[in-house]
Amino acid sequence: MKKTKLGVLISGRGSNLQAIAAAVQSGTIPAEIALVLSNRPQAPGLAWAAGQGIAACALPSAGRERAEYDREVVEKLRAAGVELVCLAGYMRLLSGYFLQAYPGRILNIHPSLLPAFPGLDATQQAVDPSRAGETAGMTLTGLISMAALAVAAVATAARSLQSNGTTQASAVHDLLHL
């Protein structure tokens with residue numbers, strides 16, 4: 001059986017990448033990671049991927065126009081034979097060009113139950129003691145339509161925050177890897 005080739009885009013340490021790789025290794029995800037790409041050359045996840053024998057590539061985005069940068073990312077993904085893209089802690093917005101290149105084949109992991117805790121600091125927002133009693137979790141979305149930039153929730157996981165405000169960011173982070 002042919003395995004789907006995944007391209008995993010990261011911007012940081014690669015904890016979501018590691019969870020994906022473990023699921024691929026165990027057979028839970030019937031795929032192979034064809035390429036890990038980061039917009040940040042110093043992202044620790046790149047070294048982790050390379051250490052696992054997974055093709056890893058840094059493509060710095062600083063100072064580059066979004067569409068131009070995304071064209072180069074898509075070129076690298078296509079060269080690796082990537083069929084499905086997973087944004088696993090990738091901290092960039094995608095251009096229309098990118099979305100059109102992989103229609104219905106992009107998954108995004110966001111560390112909150114959207115629309116709660118939006119933006120870059122979702123995990124920190126979730127553990128803010130003033131938000132105790134709210135529900136934290138994660139959303140895996142599939143980008144399915146360029147026309148309306150429509151998304152559909154593929155999966156969610158949730159956990160109530162402790163009312164005493166002692167929930168740690170690591171607990172919310174661990175929830176992402178359920």
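Everything numeric here is computed off the predicted structure, so don't read it as measured data. (Residues numbered from 1 in each chain as written. Predicted model: local features only at pLDDT ≥ 70, side-chain atom pairs only at ≥ 80, totals over all residues. Heavy atoms only, no water.)

### Section: the overall build of the chain
Part 1: Secondary structure assignment for the chain yields 6 helices and 7 strands.
Part 2: The linear arrangement of helices and strands in the chain, starting from the amino end, is β-α-β-α-β-α-β-α-β-α-β-β-α.
Part 3: Restricting the contact set of the chain to residue pairs at least 6 apart, pairs at least 24 apart contribute 57%. (Helix = DSSP H or I, 4+ residues; strand = E, 2+ residues; numbered from the N terminus. Contact = heavy atoms within 4.5 Å.)

### Examining the pattern of salt bridges
When the charged atoms of two side chains with opposite charge come close together, those side chains can pair.
Part 1: In this structure the tally under the stated criterion is 3 salt bridges.
Part 2: Between Glu68 and Arg64 there is a salt bridge, and its shortest N-O distance comes to 3.2 Å.
Part 3: For the salt bridge of Arg64 with Glu72, the shortest nitrogen-to-oxygen distance reads 2.7 Å.
Part 4: For Arg64, a relative accessible area of 24% corresponds to the partly exposed category.
Part 5: By relative accessible area, Glu72 is classed as partly exposed at 27%.
Part 6: What you see here is one network of salt bridges that share partners, running through Arg64, Glu68 and Glu72. (Salt bridge = Lys/Arg side-chain N within 4 Å of Asp/Glu carboxyl O. Buried < 20%, exposed > 50% of the residue type's maximum accessible area, 1.4 Å probe, protein only.)

### Quick notes on the nonpolar core
Part 1: In this structure, Leu9, Val73, Leu77, Val85 and Phe98 are the most contacted members of the largest nonpolar core, which totals 20 residues.
Part 2: Breaking this core down by element, the ones donating at least two residues are strand S2 (31–38), helix H3 (66–79), strand S4 (84–88) and helix H4 (96–101).
Part 3: With 4 residues, H3 is the single largest residue contributor to this core.
Part 4: If you look at the next biggest cluster of nonpolar residues, it comprises 17 residues, including Leu17, Ala31, Val36 and Leu46. (Core = buried A, V, L, I, M, F, W, Y, C linked by side-chain atoms within 4.5 Å.)

### A look at the pairing of S2
Part 1: Most of S2 sits out of view: 7 of its 8 residues are buried.
Part 2: Where S2 meets strand S3 (residues 56–58), 3 bridges bridge the pair, whose relative direction is parallel. For Ser38, the partnering residue across the bridge sits in S3 and is Ala58.
Part 3: Handedness of the S2-helix H2 (residues 44–51)-S3 crossover: right-handed. (Pairing = 2+ DSSP bridges. Right-handed = clockwise from strand over helix to strand, strands pointing away.)

### Re H2
Part 1: Buried residues of H2: Gly45, Leu46 and Ala49, and no others. Buried residues of H2, viewed axially, fall in a sector of 105°; they line one side. Among the exposed residues of H2, those oriented more than 90 degrees off its buried face are Ala47 and Gly51.
Part 2: Of the surrounding secondary structure, the elements contacted by the buried residues of H2 are strand S1 (4–10), helix H1 (15–26), S2 and S3. (Arc of directions from axis to C-beta.)

### Focus: the side chain of Arg92
Part 1: Locating Arg92 in the fold gives a position in the loop between S4 and H4.
Part 2: Leave out the neighbours within four places in its chain, and Arg92 touches Asn39, Ser61, Arg66 and Tyr69.

### A word on the confidence of the model for the chain
Part 1: When the pLDDT values of the chain are averaged, the result is 75; 61% of them are 70 or greater.
Part 2: Confidence drops under a pLDDT of 50 for residues 135–178, and excluding neighbours within four residues, the segment shows 119 contacts in the predicted structure. (pLDDT = per-residue confidence, 0-100.)

### Quick notes on the pairing of S1
Part 1: With 5 of 7 residues buried, S1 lies mostly within the body of the structure.
Part 2: In this sheet, S2 lies alongside S1 in parallel orientation, the contact comprising 7 bridges. Note that in S2 the partner of Thr4 across the bridge is Ala31.
Part 3: This β-α-β element, S1 to H1 to S2, shows right-handed connectivity.
Part 4: Relative to S4, S1 is paired through 4 bridges, and the arrangement is parallel. Residue pairing in the sheet places Val8 in a bridge with Cys86 of S4.

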